[in-house]
Amino acid sequence: MANKTDSTRAINDYLNYAAIEKGLSKNTISAYRRDLEKFTLYLDRINQGLENVDHQLMNGFLGWLRGSGGEKPSSESSNARVIVTVRNLFKFISINNRTPNPLQEYAPPKIPKRLPKALKLEEIVMLLEASKLGDQGLAIRDNALIEILYATGARISEIVELEVSDISEISENLTIKLVGKGNKERVVPIGNYARSSLDKYLVSSRPQLLKNKKINKVFLNSRGNRLSRQSAWEIVATCAKRAQLESQVSPHSIRHSFATHLLDGGADIRVVQELLGHSSVTTTQIYTLVTID
């Protein structure tokens, strides 16, 4: 890999491998691509190629990420993710070319463990009540969206990709099929409150938004097209502002609240792990540190 063409080819091969062989999501592949674009930009600036990468070069790259060279400083969590992406690239190159991996022993920066921020139960109630205000058709949609987020603990990316065919009734219980990271599917039950809100949206609001279009996504925007992830974030933020919540509210904080409130209510951690779609119970265990009395 002595030239830029070889470097570009190696990176593209790695991204294709991550997408096809590992089955990682489009969002994850996009994040990897951005990370590696930062790395190649740095290599260009110091006039080096992949074949020159060693621990010293990586230390320089890390310093550059932190703000060296006039660049805007980035968070340590972002820096750590970029370093891990670069390490994974070299692991891929090493295995495929049967060459030594120069970054095998290189460790990403340690970052302080941040506990997830969960809303209080009364804040969730205020958020749900605020989502019922505003334009009637859109308010019904917004309420259903937030009810489903809290009832399932789903990622916002999973909810905006939800299709009507993913909703099923099994033994009088309503369930939805979610497709998570690595295209892993899981089926999650929905409680009565969320079911009522979803039914109301599907019967009265969604047909009005659809405007005779043929779109299978459950949640739609005002033009009758699929609701984007960014728009869903804005809906949650708008409802939180309307509820005058001081806590920073996002779709992910609703997910944290779902897990925390379940564990606080005595739910088994393995069940919560399954509902959240975590591949390891270790990830779920962090919520045991933030359960409330």
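This one's a predicted model, so the numbers in the text were calculated from it and none came from an experiment.

Strand order in the open sheet formed by three strands is β1-β2-β3, and the pairing between neighbours is antiparallel. Either end of the sheet is taken by a strand with one partner, and the two such strands are β1 (167-170) and β3 (185-189). The sheet shows a mean angle of 35° between the axes of neighbouring strands, taken without regard to direction.

The residue Ser-197 is located in helix α8 (residues 192-210) in this model. Judged by relative accessible area, Ser-197 falls into the buried class, the value being 10%. Ser-197 has contacts with Asn-143, Ala-144 and Glu-147, leaving out every residue within four places of it along the chain.

The residue Lys-211 is not glycine, and still its phi comes out positive at about 55°. Counting through the fold element by element, Lys-211 comes out in the loop between α8 and α9 (229-242). In this structure Lys-211 comes out as partly exposed when scored by relative accessible area, which is 47%. Residue Gln-244 is not a glycine yet carries a positive backbone phi of 60°.

With that settled, the discussion passes to the packing of helix α3 (residues 55-65) against helix α4 (residues 76-97). For the pair α3 and α4, the least separation of the axes is 10 Å and the interaxial angle reads 145°. The handedness of the crossing between α3 and α4 comes out as right-handed. Contact residues: α3 offers Met-58, Phe-61, Leu-62 and Leu-65, while α4 offers Asn-79, Val-82, Ile-83 and Val-86. Per-class residue counts for the contact of α3 with α4 are seven nonpolar, one polar and no charged.

Next up on the list: the pattern of salt bridges. Under the criterion given, the structure shown has twelve salt bridges. Note that Arg-155 is salt-bridged to Glu-158, the shortest N-O span being 2.5 Å. Of the residues examined, Arg-155 reaches a relative accessible area of 12% and is grouped as buried. A salt bridge links Arg-195 to Asp-199; its shortest N-O distance comes to 3.9 Å. In this pair, Arg-195 and Asp-199 both sit in helix α8, four residues apart, roughly one turn of the helix. On the accessibility criterion, Asp-199 (34% relative accessible area) is partly exposed. Residues joined in a network through salt bridges with shared partners are Glu-161, Glu-163, Lys-217 and Arg-226.

Thresholds applied
- Residues numbered from 1 in each chain as written.
- Predicted model: local features only at pLDDT ≥ 70, side-chain atom pairs only at ≥ 80, totals over all residues.
- Heavy atoms only, no water.
- Pairing = 2+ DSSP bridges.
- Helix = DSSP H or I, 4+ residues; strand = E, 2+ residues; numbered from the N terminus.
- Axes fitted to C-alpha atoms, helices over the stretch in contact; angles between N-to-C directions.
- Buried < 20%, exposed > 50% of the residue type's maximum accessible area, 1.4 Å probe, protein only.
- Contact = heavy atoms within 4.5 Å.
- Left-handed = near helix turned anticlockwise from the far one by under 90°.
- Nonpolar A, V, L, I, M, F, W, Y, C, P; charged D, E, K, R; others polar.
- Salt bridge = Lys/Arg side-chain N within 4 Å of Asp/Glu carboxyl O.

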